Amino acid sequence: MRARQLESALSANVDETFATPKQRLEQYPTNAALAAGVLHGARARGDVEGKFVVDLGCGTGILSVAATLCDAAVVVGVDVDEDALTRCAENLRAFEPALEVELVCGDVIDGSWTLGGRRMGRGGKRCDTVLMNPPFGAWRGGADVAFLRAAFKIADGAIYSLHKTSTRAHIEKVAKTRFHAREAEVLAQLKYDLPATYGHHREKSVEIAVDLWRFEPTPGAVIDDEALELELAHDASIDGLARDLSSKAHVRGGRGGGRRGGGRRGARGGRGK
Amino acid sequence: MRLLAHNMLACNAKGVVNGFPLKIVPKETREVEVDFNAEFLTHMLPKMEWSAFVNAAKEIGLEGLPSEIPDDAASDEEFLRTFHHALLEVHVEEGTLVCPESGRKFPINKGIPNMLLNEDEV
C-alpha cells in the first residue's frame, strides 16, 4: 500500500477521536497523515512487514491499524484506558474483514501489565518493533520518558516514537544514557495538528512541531530503574508545581493553563472534561 | 487475547515476586484462520517463554505441543503448524487470568485482558 493510499484508508475507516478524552492521559487524536508518516518511516526501514509490532498507548488504534495494513505479522496494542480500547475495537471491526489486533488494557507507564515490567527482572524482550505516539509529558511530567523506557524494555529491533521537537536534545540524551540506545535518529519533523479537545483550549486547533524518532536498542542493555524512578519523580513534582501555578492563573482569569494544545478554549470546547 | 499476547502478560502487583505465567481460565474461545508464515514462526520461537506457552495452550484445550522446542523446528512443518495454530488462531474471548502467586484475577472481556491494578496494589 502506497503512502497516500494508506493515509486515505486510515482517514476513511478510523475514527481517531476519543469518545471521552481524558486530559490526565493527554489523549489527542493522531490524525491519518501523522500515522501514515510514522508508518512510512518504519516501513521503509523494513521494521513493519512480517514483524511483531507493539503499539504502546494505542488509544483509538490508528497506528495499530496502519501497521496491520502495512503487513505487520502481528500487532499488539496496549492502553490504560478502557474507553479508548472500546473505540479501538470498533475501528478494527470497521474493516472488512475485521483487522486482528491484540488489545491489552494495561499501564504502559509503570509496566505493571507485562513480564519485564518495572518490577520484573527477567525476560521482557518480545517484539521486533514498537510504534508509539506517547503523551508528551505535559500533564504528567516524565510520561514521555516512562513510555520510552517501556519501549526499550520490550523491543529488540526498533522503536518509532513522536516527541515534541522542543525536547529533541533531552530525548537524545535520555535515549543514549538511560536506555543505552545504539542509535537515536530524528527521521523527520512532522506537523501535529492538535484539535482543541479539552475545556481549557481556546484555539480551534494548534499545530506543533514533532520529531519522528527511530531508536535502536542495544542487545542485552540493562535499564537502571531505580535511578530513572528518581528522575521521573523529580520531573513529575516540577510539573505538578507548574500545573498548580497555571491553574491558579486560570482562576484569576490569566491566560496560562495552556498545555500541549496551547491556550484556553471557550464554549466550543464541548467535549472537554 | 491470543497466546502470543498471553506470553507477555504478568501480574506485577505489590508483593508478587513471580507473577508469570498467568493461568488461563477460558469461558469462551473462537478461532480465526491466519495465513501460515513459516519464516515468521521461526523468528518468533526464540522470543517465546516456551513452557508457559505450552501450559497456556493446554489450558485452552490445545494439545500436541512438545515440551521443548525441537532442534530442527525451522524445517519441521508439522510442528510449525501446531505452533501457528496455538499462537495465532485461537482467541480467548471471555475468561479469567489468574496470578500463579497471589491468585489475583484479571478478567478477559471481549477478547481484551484487563491488567490494571488498583491503587493499593501498585
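Residues numbered from 1 in each chain as written. Chains lettered and ligands numbered in written order. Predicted model: local features only at pLDDT ≥ 70, side-chain atom pairs only at ≥ 80, totals over all residues.

In the annotation of an unreviewed UniProt entry, chain B is listed under the name Multifunctional methyltransferase subunit TRM112-like protein and assigned to Ostreococcus lucimarinus. Listed in UniProt under the heading Subunit (unreviewed entry), the comment for chain B reads: "Interacts with TRM9." Note on chain B: under the UniProt heading Sequence similarities (unreviewed entry), the record states "Belongs to the TRM112 family." (UniProt positions renumbered as here; feature names shortened; annotations may be inferred.)

Per an unreviewed UniProt entry, the recorded name for chain A is Methyltransferase small domain-containing protein, and the organism is Ostreococcus lucimarinus.

### Observations regarding the overall build of chain B
Helix and strand counts for chain B stand at four helices and four strands. From first element to last, N terminus to C terminus, chain B shows the α and β order α-β-α-α-α-β-β-β. Its C-alpha atoms give chain B a radius of gyration of 15 Å, within 12% of the compact-globule value 14 Å for 122 residues. Dimensions along the principal axes, computed over C-alpha positions, put chain B at roughly 50 × 30 × 20 Å. By sequence separation, contacts in chain B at least 24 residues apart represent 71% of the contacts at least 6 residues apart. (Helix = DSSP H or I, 4+ residues; strand = E, 2+ residues; numbered from the N terminus. Rg over C-alpha atoms; globule rule 2.2 N^0.38 Å. Contact = placed C-beta atoms within 7 Å.)

### Some words on the environment of A:Arg126
In this structure, A:Arg126 sits in the loop between strand 3 (102-105) and strand 4 (127-132). Separated by 27 residues in sequence, A:Arg126 and A:Lys153 place their C-alpha atoms 8.8 Å apart. Setting aside its immediate chain neighbours within four residues, A:Arg126 contacts A:Ile154, B:Met8 and B:Lys47.

### Things to note about the packing of helix 1 (residues 3-13) of chain A against helix 3 (residues 62-69) of chain A
Residue and element names in this part refer to chain A. For the pair helix 1 and helix 3, interaxial distance at closest approach is 11 Å and the crossing angle is 135°. As judged from the angle between their axes, helix 1 and helix 3 are oblique. In this structure, helix 1 meets helix 3 at a crossing whose hand is right-handed. Here Leu6, Ala9 and Leu10 of helix 1 lie close against helix 3, whose contacting residues are Ile62, Val65, Ala66 and Leu69. Within the contact of helix 1 with helix 3, the residues separate by chemical class into seven nonpolar, no polar and no charged. (Axes fitted to C-alpha atoms, helices over the stretch in contact; angles between N-to-C directions. Parallel < 35°, antiparallel > 145°, perpendicular 65-115°, else oblique. Left-handed = near helix turned anticlockwise from the far one by under 90°. Nonpolar A, V, L, I, M, F, W, Y, C, P; charged D, E, K, R; others polar.)

### Side note on the nonpolar core
Residues and elements named next belong to chain A. Counting 100 residues, the largest nonpolar core has Ala35, Leu39, Ala66, Ala67, Val130, Phe147 and Ala151 as its most contacted members. The element best represented in this core is helix 5 (residues 143-154), accounting for nine residues. Setting aside chain neighbours within four positions, we find Ala66 in contact with Leu6, Leu10, Ala35, Ala36 and Leu39. (Core = buried A, V, L, I, M, F, W, Y, C linked by C-beta atoms within 7 Å. Buried ≥ 20, exposed ≤ 12 C-beta atoms within 10 Å, placed from the backbone.)

### Some words on the interface of chain A and chain B
Counting residues at the interface gives 25 residues for chain A and 25 residues for chain B. Considered class by class, the residues forming the side of chain A that touches chain B number 13 nonpolar, six polar and six charged.

### Quick look at helix 4 (residues 82-93) of chain A
With 12 residues, helix 4 of chain A should cover 16 Å at 1.5 Å per step; its first-to-last C-alpha distance of 17 Å lies within 8% of that length. Of all the positions in helix 4 of chain A, only A:Ala84, A:Leu85, A:Arg87, A:Cys88, A:Asn91 and A:Leu92 are classed as buried. Across the axial projection of helix 4 of chain A, the buried residues extend over an arc of 160°, all falling on one side. Exposed side of helix 4 of chain A, more than 90 degrees from the buried face: A:Glu82 and A:Arg93 are the residues found there. At its buried positions, helix 4 of chain A is contacted by helix 3, strand 2 (74-79) and strand 3 of chain A together with strand 4 (112-113) of chain B. (Expected span 1.5 Å × (residues − 1). Arc of directions from axis to C-beta.)

### Concerning the confidence of the model for chain A
Residues of chain A with pLDDT of at least 70 account for 84%, and the chain-wide mean is 84. Per-element confidence in chain A is highest for strand 3 of chain A, whose mean pLDDT is 98, and lowest for helix 7 (residues 225-251) of chain A, whose mean pLDDT is 66. (pLDDT = per-residue confidence, 0-100.)

### A closer look at the sheet that holds strand 2 (residues 90-98) of chain B
Pairing between the strands of a sheet is mediated by backbone hydrogen bonds and can be parallel or antiparallel. All names here are of chain B. Taking strand neighbours across the sheet as the criterion, the four strands line up as 1-2-3-4 in an open arrangement whose pairing is antiparallel. Sheet topology places strand 1 (23-31) and strand 4 at the edges, where each strand pairs with a single neighbour. Strand direction decides the pairing type here: strand 3 (residues 105-109) and strand 4, joined by two bridges, are antiparallel. Considered in strand 4, the bridge of Ile108 is made with Pro113. (Pairing = 2+ DSSP bridges.)

### Here's the deal with the packing of helix 1 of chain A against helix 2 (residues 32-44) of chain A
Residues and elements named next belong to chain A. Viewed as axis vectors pointing N to C, helix 1 and helix 2 meet at an angle of 140°, and their least axial separation amounts to 9 Å. Between helix 1 and helix 2, the angle is such that the two are oblique. The handedness of the crossing between helix 1 and helix 2 is right-handed. Touching Ala3, Leu6, Glu7, Leu10 and Ser11 of helix 1 are Ala32, Ala33, Ala35, Ala36, Leu39 and His40, all from helix 2. For the contact of helix 1 with helix 2, a count of residues per class yields eight nonpolar, two polar and one charged.

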